[in-house]
Amino acid sequence: MQVHDLLDSNAHLALVFSYHGRENLLIHSISQSQGHIGIISDRLAPFISNINLVENITLPMLYHKNISQNAALKRMSPLFDALDIRDSLHERKEHLGRKQILAGYLLRAVASGNRSVFVDWPRMWEVDFFLDCLGRMDSKIQLWIPSEKESLREFEKRGFEVRDMHQD
Amino acid sequence: MILEGFWGFNPRTTAGHSISHGKGMSDTFVHIIGRRVLTRLASWRLILHLFLQAAGAFLRFPLLNHAVFRVFIRQVYFTGVQALPLVCIAALVIGSILVNYLLSFLTSLNAYDRVGEFLVYVVVQEVGPIVCTLIILLRSGTAVISEVALMKISREFDSLHFMDINLLDYIHLPRIAAFVICGPCLTFVFSAVALVGGYLVLGFVHNITFDNYVYQLISALNFSDLILLILKPAVMALIIVLVGLQKGIEVRTSITEVPIHLIQGMINIVILLIFVELIFGIF
């Protein structure tokens, strides 16, 4: 299954892989998408450690749209309030809680203008947290979440479409 | 069998080739030397490649990008502004010693009218660039190597790649620009503080007025001194940042590689700085 097949869908996707590590080909395709598809992963795309949370979030906006930090903050301001992370914006990643980091990743994807975001093997509470955040932001971002067959029922309960990634 | 592979010991290859046949040993020796030369050459080639890439990229004016400009400003702050107190203290101490020594020496030789010429040569052309370059190397050169290495190990370069942010623009260019600008600026500050502060600390005990001292310095300064004041520290700072970036990038996966590359980088930089000093001394 190709990346553009996944882009056709408007729903959140549970991508079925037979085991961890099978998703590498998809990740490679995402890395070639020139930033069009976002990625949320501590392992593959962590925050930059020498800048704070707000700079990490607005970095793609500053670089690609070449707008000032103040203009980027103004645009993102309602989302900071929606996710309630305004107090943590000037902290570096080592001083952030897990939920603040996840919210930051999601906001970075929003700032990048991503319509689809691959989330690297999240726990189920993290999936719920992302869905809650997307609801609060009223965002149309589509999550792509890798899953094993045993966990599919959990994703189906949450309204995810299932895509079998074994078909090449 | 237990020893096989332990500390690289392999009885079949070691005894069979190296000990019984002299040719095998020389082959291994040649291989080791060859591999080291190739590795070293690859490092220098990467530095040259980095320099050419950066020089080409400057034509796109990437510093006008807000994200890149923020990194540039931060680097100027760390490399230039934060180093100012240290540079001023060093300039005052070294300047007062030099001014005191040269004034007493030259006036004792009745070479009173050559005070400016000697001081400008020693402070502006030699001591200033070297001291400032060493301060930049110790403070910021080491920081660049370890920062870039740790960013690579923690896969922050991958993050930038996923966001389609050019590494050359975001990581390399702001650092190169900041170092090349801060090197001459710090040397200028050093020279001014050393020459003026040096007189104010110890120079007044000699038989020369401040007006006369400043007049001699200004008359001794010429256009080539100003060119050297910019060019020499800029080249030295460029070497520090290019080798620093290259050594940082060379780190692969393990955090234990960082101190090794840091030491290698420092040694390479010092060797190159001596070479540059010789080149400027000759020409």
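One can find the structure itself at the top, above this paragraph.
For clarity, every value in this text was computed on a predicted model and none was experimentally measured. Every chain is numbered on its own, with residues counted from 1 as its sequence reads. Throughout, the order in which chains and ligands are written sets their labels, letters from A for the former and numbers from 1 for the latter. In view of the model being predicted, local features appear only for residues whose pLDDT reaches at least 70, and side-chain atom pairs are presented and counted only at 80 or more, with totals across whole chains, interfaces and linings using the full set of residues. To get the side-chain values, all heavy atoms of the structure are used, and hydrogens and water are removed first.

1. Focus: the interface of chain B and chain A
Part 1 of the reasoning: Residue-level contacts link 24 residues of chain B with 28 residues of chain A.
Part 2 of the reasoning: Across the interface of chain B and chain A, roughly 2,200 Å² is buried in total on both sides, 56% from carbon and sulfur atoms.
Part 3 of the reasoning: Sorting the residues of chain B by area buried against chain A places His-66, Phe-162 and Met-163 of chain B first, and these three jointly supply 30% of that buried surface.
Part 4 of the reasoning: When a carboxyl oxygen of Asp or Glu lies within 4 Å of a side-chain nitrogen of Lys or Arg, that pair is called a salt bridge. Summed over the shared surface of chain B and chain A, the number is three salt bridges.
Part 5 of the reasoning: Between Glu-55 of chain A and Arg-70 of chain B there is a salt bridge, and its shortest N-O distance comes to 2.8 Å.
Part 6 of the reasoning: In protein, a polar contact means a hydrogen-donor-capable atom and an acceptor-capable atom, both N or O and within 3.5 Å, with residues adjacent in sequence counting only if both atoms are side-chain atoms; elsewhere, any N or O pair within 3.5 Å suffices. Our count for the contact surface shared by chain B and chain A stands at twelve residue pairs in polar contact (both at pLDDT 80 or more).
Part 7 of the reasoning: In this description a helix means any DSSP run of H or I spanning at least four residues, a strand means any run of E spanning at least two, and both kinds are numbered starting from the N terminus. At the level of secondary structure, the elements contributing two or more residues to the side of chain B that touches chain A comprise α3 (66-81), α5 (115-153), α6 (156-162) and α7 (167-201) of chain B.
Part 8 of the reasoning: In terms of residue count, α6 of chain B provides more of the side of chain B that touches chain A than any other element does, six residues in total. In this description, contact between two residues means that some pair of their heavy atoms is separated by no more than 4.5 Å. Accessible surface is computed with a 1.4 Å probe, and the buried area is the amount of it that two parts give up when combined, taken over both parts together.

2. Overview of α3 of chain B
Since the α-helix turns once every 3.6 residues, residues separated by three or four places project in the same direction.
Part 1 of the reasoning: Among all positions in α3 of chain B, only Ala-67, Val-68, Val-71, Phe-72, Gln-75, Thr-79 and Gly-80 of chain B are buried. The arc that holds every buried residue of α3 of chain B, seen down its axis, measures 165 degrees, which confines them to one face.
Part 2 of the reasoning: Buried residues along α3 of chain B sit in contact with α3 (53-65) of chain A together with α4 (84-108), α5 and α7 of chain B.
Part 3 of the reasoning: Between the side-chain oxygen of the N-cap and the backbone nitrogen of Ala-67 of chain B there are 2.9 Å, and the N-cap of α3 of chain B in question is Asn-65 of chain B. Summary of the burial criterion: residues with accessible area below 20% of their type's maximum are buried, those above 50% are exposed, and those between are partly exposed, where the area comes from a 1.4 Å probe applied to protein chains only. It is the directions from the helix axis to the C-beta atoms whose arc is reported.

3. Some remarks on the packing of aromatic side chains
Part 1 of the reasoning: Planes of paired rings set the category: under 30 degrees apart is stacked, over 60 is edge-to-face and the rest tilted, where pairs are Phe, Tyr or Trp rings (Trp by its six-membered ring) whose centres lie within 6.5 Å. Evaluated as defined, the whole model comprises ten aromatic pairs over all chains.
Part 2 of the reasoning: Here Phe-155 of chain A and Phe-160 of chain A contribute two aromatic rings whose centre-to-centre distance is 5.2 Å and whose plane-to-plane angle is 75 degrees, an arrangement assigned as edge-to-face. Assigned by exposure class, Phe-155 of chain A and Phe-160 of chain A land together as buried.
Part 3 of the reasoning: Taken together, Tyr-199, Phe-210 and Tyr-213 of chain B form an aromatic cluster joined through their ring pairs.

4. A short note on the sheet that holds strand β3 (residues 116-119) of chain A
Adjacent strands of a sheet form backbone hydrogen bonds with each other and so pair up, either parallel or antiparallel.
Residue and element names in this part refer to chain A.
Part 1 of the reasoning: Spatial strand order, β2-β3-β4-β1-β5: five strands in an open sheet with parallel pairing. Strands with a single pairing partner mark the edges of an open sheet, and in this sheet they are β2 (37-40) and β5 (161-164). When the angles between neighbouring strand axes are averaged without regard to direction, this sheet yields 25 degrees.
Part 2 of the reasoning: Strand pairing is defined by DSSP finding a minimum of two bridges between the two strands. Summarising the sheet, strand β1 (residues 13-16) and strand β4 (residues 142-147) pair through four bridges and their orientation is parallel. Within β4, the residue paired with Val-16 across the bridge is Ser-147.
Part 3 of the reasoning: Sitting on the sheet, helix α6 (residues 124-137) is in contact with β2, β3 and β4, with an inclination near 175 degrees to β4. The axes used here are C-alpha line fits, helices contributing only the stretch in contact, and every angle between their N-to-C directions lies in the interval 0 to 180 degrees.

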